[in-house]
Number of protein chains: 2
Amino acid sequence: MKDVVTACPVEDVMRVLRGRWRSLLLYYLVNGPKRFSDLQRDLPGISQRMLTLDLRELEAEGLVARTVYPEAPPRVEYALTDDGERILGLLNALGDHWADMRARRKAMAA
Amino acid sequence: MKDVVTACPVEDVMRVLRGRWRSLLLYYLVNGPKRFSDLQRDLPGISQRMLTLDLRELEAEGLVARTVYPEAPPRVEYALTDDGERILGLLNALGDHWADMRARRKAMAA
DNA sequence: CAGAATCCATACTGATACTG
DNA sequence: CAGTATCAGTATGGATTCTG
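Since the structure is predicted, the reported quantities are computational estimates derived from the model, not experimental observations.

Undergrad: How would you explain the overall build of chain A if you had to name every residue and give the values?
TA: Counting its secondary structure elements, chain A contains five helices and three strands. Along chain A, from the amino end to the carboxyl end, the secondary structure elements read α-α-β-α-α-β-β-α. Based on the C-alpha atoms only, the size of chain A along its principal axes is roughly 60 × 35 × 25 Å. Where the 17 positive side-chain charges of chain A centre and where its 16 negative ones centre are 8 Å apart.

Undergrad: Can you break down the packing of helix H1 (residues 9-17) of chain A against helix H5 (residues 82-109) of chain B residue by residue, with the values?
TA: Where H1(A) contacts H5(B), the axes come no closer than 8 Å and their chain directions differ by 90 degrees. Considering their axes alone, H1(A) and H5(B) lie roughly perpendicular with respect to each other. Note on element contacts: H5(B) touches H1(A) through B:Leu91, B:Asn92, B:Leu94, B:Gly95, B:Trp98 and B:Ala99, opposite A:Pro9, A:Val10, A:Asp12, A:Val13, A:Met14, A:Val16 and A:Leu17. Of the residues belonging to the contact of H1(A) with H5(B), the class tally is 10 nonpolar, two polar and one charged.

Undergrad: Would you mind going over the protein's contact with DNA strand C in detail, with residue names and values included?
TA: Neighbouring DNA strand C are 18 residues; A:Arg20, B:Arg35, B:Arg56, B:Arg66 and B:Tyr78 lie closest to it. Taking the atoms of DNA strand C that fall within 4 Å of the protein, sugar and phosphate contribute 59% of them. Interatomic distance of 2.6 Å between a side-chain N/O atom of A:Arg20 and a phosphate oxygen of DNA strand C. Elements that contribute at least two residues to the surface near DNA strand C include exactly helix H4 (48-60) of chain A together with helix H3 (36-42), helix H4 (48-60) and strand S3 (75-80) of chain B. The biggest single contributor to the surface near DNA strand C is H4(B), with four residues. Broken down by class, the residue content of the surface near DNA strand C amounts to seven nonpolar, five polar and six charged.

Undergrad: Go over the environment of A:Arg20 with me, naming the residues and quoting the values.
TA: All names here are of chain A. You can see Arg 20 is positioned in the loop between H1 and helix H2 (22-28). Relative accessible area serves as the criterion here: at 53%, Arg 20 is assigned to the exposed category. Along the primary structure Arg 20 and Leu 80 are separated by 60 residues, whereas in three dimensions their C-alpha atoms are 18 Å apart.

Undergrad: Account for the packing of aromatic side chains, with residues named and values stated.
TA: All names here are of chain A. One pass over the full model with this rule turns up two aromatic pairs over all chains. For the ring pair Tyr 27 and Tyr 28, a centre distance of 5.6 Å and an interplane angle of 90 degrees mean the geometry is edge-to-face. What makes Tyr 27 partly exposed here is its relative accessible area of 29%. Over the ring of Tyr 69 we find Arg 75, and its NZ or CZ is 4.2 Å from the ring centre.

Undergrad: Report on the side chain of A:Thr81, specifying residues and quantitative values.
TA: All names here are of chain A. When you line up the elements, Thr 81 lands in the loop between strand S3 (75-80) and helix H5 (82-109). A polar contact is formed between the side chain of Thr 81 and the backbone oxygen of Gly 62, at a distance of 2.7 Å. Among the polar contacts made by the side chain of Thr 81, one reaches the main-chain amide nitrogen of Gly 84 at a distance of 2.9 Å. Setting aside its immediate chain neighbours within four residues, Thr 81 contacts Gly 62, Leu 63, Val 64 and Ala 65.

Undergrad: Explain the interface of chain B and chain A to me, and be specific about the residues and the numbers.
TA: Each partner contributes residues to the interface: chain B has 36 residues there, and chain A has 36 residues. A per-residue breakdown of the area chain B buries against chain A is headed by B:Arg18, B:Leu94 and B:Trp98, which together make up 19% of the total. The interface formed by chain B and chain A holds four salt bridges in total. Measuring nitrogen to oxygen at the nearest pair gives 2.6 Å for the salt bridge that ties B:Arg102 to A:Glu61.

Undergrad: Go over the relation of the copies chain B and chain A with me, naming the residues and quoting the values.
TA: Between chain B and chain A, the superposition needs a rotation of 180 degrees and an axial shift of 0.0 Å, giving an RMSD of 0.1 Å. Overall, the copies show the geometry of a two-fold rotation axis. The rotation axis passes nearest to the C-alpha of B:Arg18 in chain B, at a distance of 2.6 Å.

The rules behind the values
Within every chain, residues take consecutive numbers counted from 1 along the sequence as written. Both sets of labels track the order of writing: A upward for chains, 1 upward for ligands. Two thresholds apply to this predicted model, a pLDDT of at least 70 for residue-level local features and 80 or more for giving and counting side-chain atom pairs, whereas whole-chain, interface and lining totals are computed over all residues. The basis for every side-chain value is the complete set of heavy atoms in the structure, and neither hydrogens nor water enter the calculation. Helical segments are the DSSP runs of H or I of at least four residues, strand segments are the runs of E of at least two, and each set is numbered from the N terminus. Just so you know, the count uses Lys and Arg for positive and Asp and Glu for negative, and it drops His and the chain ends. Charge positions come from single atoms, namely NZ of Lys, CZ of Arg, CG of Asp or CD of Glu. For every element, the axis is a line fit to its C-alpha atoms; helices are fit only across the contacting stretch, and the angle between N-to-C directions ranges from 0 to 180 degrees. Reported orientations rely on four angle classes, namely roughly parallel under 35 degrees, roughly antiparallel over 145, roughly perpendicular from 65 to 115, and oblique for the rest. Every residue pair with non-hydrogen atoms within 4.5 Å of one another is taken to be in contact. When residue character is reported, Ala, Val, Leu, Ile, Met, Phe, Trp, Tyr, Cys and Pro are called nonpolar, Asp, Glu, Lys and Arg charged, and the others, Gly included, polar. Here a residue is near a molecule or strand as soon as one of its heavy atoms is found within 4 Å of it. Polar contact is defined as a pair of N or O atoms within 3.5 Å, subject to the rule that within protein one atom must be able to donate a hydrogen and the other to accept it, and that residues adjacent in sequence are counted only when both atoms are side-chain atoms. Only protein chains enter the accessibility calculation, which uses a 1.4 Å probe; a residue whose area is less than 20% of its type maximum is buried, one above 50% is exposed, and one in between is partly exposed. Under the pairing criterion, centres of Phe, Tyr and Trp rings, with the six-membered ring standing for Trp, must be within 6.5 Å; the plane angle then separates stacked pairs below 30 degrees from edge-to-face pairs above 60, leaving the rest tilted. Both a distance and an angle decide whether a charge sits over a ring: NZ of Lys or CZ of Arg must be within 6 Å of the ring centre and within 35 degrees of the ring normal. In this description, buried area is defined as the sum, over both parts, of the accessible area (probe of 1.4 Å) that is lost when the two are combined. When a carboxyl oxygen of Asp or Glu lies within 4 Å of a side-chain nitrogen of Lys or Arg, that pair is called a salt bridge. When the copies are superposed, the least-squares fit draws on C-alpha atoms of residues that have pLDDT of at least 70 in both.

As structure tokens, this is what we get:
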């Protein structure tokens, strides 16, 4: 994915967060660093390929930090950066509003 | 697109806003109702097909209201709902943070 | 004007097998 | 464990043509 910059920052973030797993990945990193295999367990259904690609993309965008511990067997940890935490905070606000919205609409329908 | 509801509201909103044009569409509706042809001008490159599909989806999700004025030639206006405005507000906050982030990263690189 | 219908291109995602 | 490589399917988006 190219680092395209448009006139609209909203469009830019959304392009980065668009993938099926990306926001969810941030979501599961909120409680501290996790390993590759931990994340595979958290996101049932994700393939190794997508987990790798999405982590790399989020890392390139500065939302996730990747740390390799040179041991055998190898250990790699992924953590939210400060920017990642801020973005996730806003995503959660978005999710909360959405949940409220749905609840109200459901109540209306009843 | 199915109205799937997962355990994570963030995932749910993101699924709705994921499309290439959706967030941008909300963005351009913030200054009051617009007609189909207005939106085509605002979003250079969007096809009629996608504009129609995305507007319908946003309408189904309660973010956009569609009003038909039975005239000849037909006139149709699209406007943000209250929920749509709230969601857009949060998207803009997200965009602002993103812009800040990029500015800081650019300054660091220099 | 505001679409609907059809066909086509590509981007995104997943399954599987293999490696240091 | 933490990936990479390859192949293939599905979803998304675009071009074109047609209509009330």
